[in-house]
Amino acid sequence: MNRAKFIFPLVTIVLCLAAGPGRTQQAPPKSPKAEHAPEKALDPWWKHAVIYEIYPRSFQDSNGDGVGDINGVTSRLDYLRELGIDAIWISPMYPSPLVDFGYDVSDYTAIDPLYGTLADFDRLVSEGKKRNIRVIMDFVPNHTSDQHAWFAESRSSRTNPKRDWYIWRDGKGSDEPPNNWQSWFGHSAWKFDPITNQYYYHHFYTEQPDLNWRNPQVRNAMYDAMRFWLGRGVAGFRIDAVSRLFEDRNLHDDPILPGKNAYGDPNIAHKYTDNLPEVHQVLREMRSVVNEYPGDPVLISEADEPNIAELTKMYGSKNDEIQLPMDFQIADVNKLSAPDFRRLLDEIDRNPAGGQPHYFFSNHDQPRQWDRYGDGVHNDQIAKLMAALLLTTRATPLMYYGEEIGMRTTDPVRKEDVQDPIGQLGWPQEKGRDGERTPMQWDTSKDAGFSTAERPWLPVPPSSAEYNVKAESQDPNSILSFYKRLLALRRSEPALRDGKYLPLDQGNPDVLSFLRKTPGKGDSILVVLNMSAEPRTVSFALDVHGVREATARPLISAPKIARESAVLTHFTIPAFGVFIGSVH
Ligand code: GLC
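Note that the structure is a prediction, hence the values are computed from the model and not measured. (Residues numbered from 1 in each chain as written. Predicted model: local features only at pLDDT ≥ 70, side-chain atom pairs only at ≥ 80, totals over all residues. Heavy atoms only, no water.)

Peer 1: Provide a residue-level description of the site of the ligand, including the pertinent values.
Peer 2: Around the ligand, 13 residues are found, and the nearest of them are D100, D240, E302, H364 and D365. Taking a 2 Å distance to the grid points as the criterion, the majority of the atoms of the ligand fall inside the largest pocket. Looking at the shell around the ligand, its residues break down into three nonpolar, three polar and seven charged. (Near = heavy atom within 4 Å. 1 Å grid on protein atoms, 1.4 Å probe; cavity = no way out; pocket = protein on both sides within 12 Å on 5 of 7 lines; lining within 4 Å. Sits in = over half its atoms within 2 Å of the grid points. Nonpolar A, V, L, I, M, F, W, Y, C, P; charged D, E, K, R; others polar.)

Right, here's the structure in full:
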């Protein structure tokens, strides 16, 4: 398909379509779309940025309703600047019935009043700019809410002009869905709609009907929504569930696997509903949308790619798709294993696309790293180890609010307290994602300084008495102080910023070591991470890497190393210890 021919004539049509239903809006600022695409930097900001995910319901409540909001985020920008954050990705704040807490969008070009107004959003962007903190929007292209005006039209009749904006099919027989496809959130992915006697497809909750990305009008309406936010100064998008955009046209059944899932359904391989090759054309189109804007806006993809080959494809064969595909392989290691991390870091570092790696360990869908990697005894030390791993490798790191203070996963203990519907559906095997979405712990006042409400939307964990920003700011050995030192070092050391990643001591089963080799004449940085519960002695011959001196000067270590220098041919690193030193 010739892309130029395909998209551009449709832009005008779609502007009319997109302006149709939905909430009345302030006119978006004029698109700076130039005659010629703005020049792209050779060394764009997102290669050196540290990105921080904010789950807006849980970061800071400014109006006492128990739910976090935009003004709350703005009021905490100074904290983020001091921490050393360059950009925030905020989970969805669009109008939404909140079945999936915002990932069910009912209007792509507005802000839900629960979080504030467009004016509040604009103020957040401009206050962020003053502090060099960019704002990245969450974008949810795979599905809308069933309350979106587009879906209301689509379901109203089989001949409605928006019928084909969603995926409608006849059942196989009476009470039988079109095929065996399953929702990621349990049970059939088809929902019968009595209005027109057809089924619609939903990869996630029934309230989240999938858009039909084979329809050019859908594509263009969504690209215009992206332009709406780019025009307001956002620095890019984290694109939700991007590998799920297409499904097999012929509706082949997915292969059944042994066993059952948490919802009691047979396990299946999502062969015909995930990672279809057509996704890449859409990614190229999205990339050309962001390329229309100055300032090198970034695309981050949420796609749990199964291997390095699939992850590499996300960058695009001409580096024309996603700049930062989230690396779920690293996030899913789920145990302290030096060989596993080494293998994955090596693979992605050498990815044939030459793409920038993008690592994270925690997010709003994943149990927090403090307890996921913790052994129950040394969790604080292990939290520092994971911080060092995230912030010293050659990658754009992505943090999740609260990881810097060692927030832990605090699951509900009673089914009736669960907010996330998958926790209701899969209880007790699947408790849902409330545990990783609890309010940010700022201090020891009521509700940890998150809210003045009687009851915040999720309870504040008891661990906030000890693990909070205020207390940890005053303790030089806290997890927070450790993060701050690491983030400052990342900024000040050219080798950490731009240096090559060179794996060392590659057969070591317990200790992960690597060199960040400076591009110029300055010092290189040696990173040694002991992933075992015993002290380990390591030995490095770094002369092959141009290091002449036999010692390393400690920059950051935990537990703290008192020595002035460490001898490279023989030094012992404590259990779960971190050593970061400069070598010359
Ligand atoms: C993504 C989001 C998750 C959401 C799902 C459906 O995986 O991260 O929170 O439930 O998409 O939109």
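From this point on, the discussion continues.
Peer 1: Let's hear about the sheet that holds strand β6 (residues 198-201): which residues, and what values?
Peer 2: Taken together, the three strands give an open sheet; going across it, the order is β4-β6-β5, and neighbouring strands pair in antiparallel fashion. Because the sheet does not close on itself, it has two edges, and the strands there are β4 (168-169) and β5 (190-193). Where β4 meets β6, two bridges bridge the pair, whose relative direction is antiparallel. When the sheet's bridge partners are listed, W168 is paired in β6 with Y200. (Pairing = 2+ DSSP bridges. Helix = DSSP H or I, 4+ residues; strand = E, 2+ residues; numbered from the N terminus.)

Peer 1: Summarise the environment of P97; cite the residues concerned and give the values.
Peer 2: Tracing the sequence through the fold places P97 in the loop between β2 (87-90) and α5 (118-130). Taking the C-alpha atoms as reference points, P97 and R131, 34 residues apart in sequence, are found 33 Å from one another. Sequence-distant contacts of P97, defined by excluding residues within four places in its chain, comprise D104, S106, S145 and Q147. (Contact = heavy atoms within 4.5 Å.)

Peer 1: Provide a residue-level description of empty space enclosed by the protein, including the pertinent values.
Peer 2: Over the atoms rolls a probe the size of a water molecule, and in doing so it shows where empty space is left. Considering all chains together, one arrives at two cavities of 30 Å³ or more under this definition. The volume enclosed by the largest cavity comes to roughly 50 Å³. Forming the walls of the largest cavity are R368, Q369, W370, A383, E403, G406, M407 and Y483. The residue inventory of the lining of the largest cavity, partitioned by class, reads four nonpolar, two polar and two charged. (Points joined across faces, edges and corners; volume = space filled by probe spheres on them.)

Peer 1: Please set out the layout of surface pockets residue by residue, giving values where relevant.
Peer 2: Considering only enclosed or pocket space, the largest pocket measures out at about 1,000 Å³ in volume. Lining the largest pocket are 40 residues, with W184, F185, D304, D365 and R433 positioned closest to its centre. Those elements that provide at least two residues to the lining of the largest pocket are β9 (266-268) and α10 (328-331). Classifying every residue of the lining of the largest pocket by side-chain character gives twelve nonpolar, 13 polar and 15 charged.

Peer 1: Would you mind going over the side chain of S91 in detail, with residue names and values included?
Peer 2: Within the element layout of this structure, S91 appears in the loop between β2 and α5. What makes S91 buried here is its relative accessible area of 1%. Of the polar contacts made by the side chain of S91, one reaches the side chain of Y103; its length is 3.3 Å. In this structure S91 touches E53, I54, Y55, P56, Y103, D138 and H364, once residues within four positions along its chain are discounted. (Buried < 20%, exposed > 50% of the residue type's maximum accessible area, 1.4 Å probe, protein only. Polar contact = N/O pair within 3.5 Å; in protein donor to acceptor, adjacent residues only side chain to side chain.)

Peer 1: Tell me about the nonpolar core, residues and numbers included.
Peer 2: Core analysis: the biggest nonpolar cluster contains 139 residues, and Y52, I88 and F237 have the highest contact counts within it. Membership of the second largest hydrophobic core comes to 18 residues, among which are L542, V547, A566 and L568. (Core = buried A, V, L, I, M, F, W, Y, C linked by side-chain atoms within 4.5 Å.)

Peer 1: Give me helix α13 (residues 379-392): which residues, what numbers.
Peer 2: Taking 1.5 Å as the rise per residue, α13 with 14 residues should run 20 Å; its terminal C-alpha atoms sit 20 Å apart, in good agreement. Among the 14 residues in α13, 13 count as buried, and that is most of the element. (Expected span 1.5 Å × (residues − 1).)

Peer 1: Residue-level account of the pattern of salt bridges, with values.
Peer 2: Under the defined criterion, the tally for this structure stands at 34 salt bridges. Ionic pairing is found between D122 and R232, a salt bridge with its closest N-O pair at 2.9 Å. You can see D122 sitting in helix α5 and its partner R232 sitting in the loop between α7 (216-231) and β7 (236-239), a full 110 residues away along the chain. On the accessibility criterion, D122 (26% relative accessible area) is partly exposed. A relative accessible area of 8% means that R232 is categorised as buried. Notably, a salt bridge pairs R433 with D420, separated by 2.7 Å at the nearest N-O pair. A residue pair is termed long-range when its members are at least 10 positions apart, and R433 in the loop between α14 (421-426) and α15 (469-473) and D420 in the loop between β13 (396-400) and α14 qualify at 13 residues. The class for R433 is buried, based on a relative accessible area of 8%. Each of D78, R81, E127, K130 and R131 takes part in salt bridges that share partners, so that together they form one network. (Salt bridge = Lys/Arg side-chain N within 4 Å of Asp/Glu carboxyl O.)

Peer 1: So what about the pairing of β7? Which residues, and what values?
Peer 2: Each regular strand displays side chains that alternate between the two surfaces of the sheet. Burial along β7 is two-sided: G236 and R238 and F237 and I239, pointing in opposite directions, are all buried. As paired elements, strand β3 (residues 134-139) and β7 share three bridges and run parallel to each other. What sits directly across from F139, in β7, is I239.

Peer 1: Mind laying out the sheet that holds strand β21 (residues 578-583), listing which residues take part and the relevant values?
Peer 2: Strand order in this open sheet of six strands is β14-β15-β16-β21-β18-β19, and the pairing throughout is antiparallel. Edge positions in the sheet fall to β14 (500-504) and β19 (566-567), since each of these pairs with one other strand and no more. As judged from the six bridges shared by strand β16 (residues 524-530) and β21, these two strands associate in the antiparallel manner. Counterpart to L526 in the pairing with β21 is G581. Sheet strands touched by α13: β15 (511-517), β16, β18 (551-558) and β21. Its angle to β21, the strand with the most contacts, is close to 35°. (Axes fitted to C-alpha atoms, helices over the stretch in contact; angles between N-to-C directions.)

Peer 1: I'd like to hear about the packing of aromatic side chains, residue by residue, with values.
Peer 2: Applying the stated criterion across every chain, the model contains 34 aromatic pairs. Ring centres of F59 and Y401 lie 6.2 Å apart, and the angle between their planes is 85°; this geometry places the pair in the edge-to-face category. Of this pair, F59 sits in the loop between β1 (51-54) and α3 (70-75) while Y401 sits in the loop between β13 and α14, and the two are 342 residues apart along the sequence. Using a relative accessible area of 0% as the deciding quantity, one classes F59 as buried. With a centroid separation of 4.9 Å and 80° between ring planes, the pair formed by F228 and W229 is classed as edge-to-face. (Phe/Tyr/Trp six-rings, centres within 6.5 Å; stacked < 30°, edge-to-face > 60°.)

Peer 1: How would you sum up the environment of G354? Please name residues and give values.
Peer 2: Inspection of the secondary structure assignment puts G354 in the loop between α11 (338-349) and β12 (358-360). Looking at G354, the relative accessible area reads 56%, which means it is exposed.

It is worth stressing that arrangement in space is one thing and function is another; only the former is reported here.
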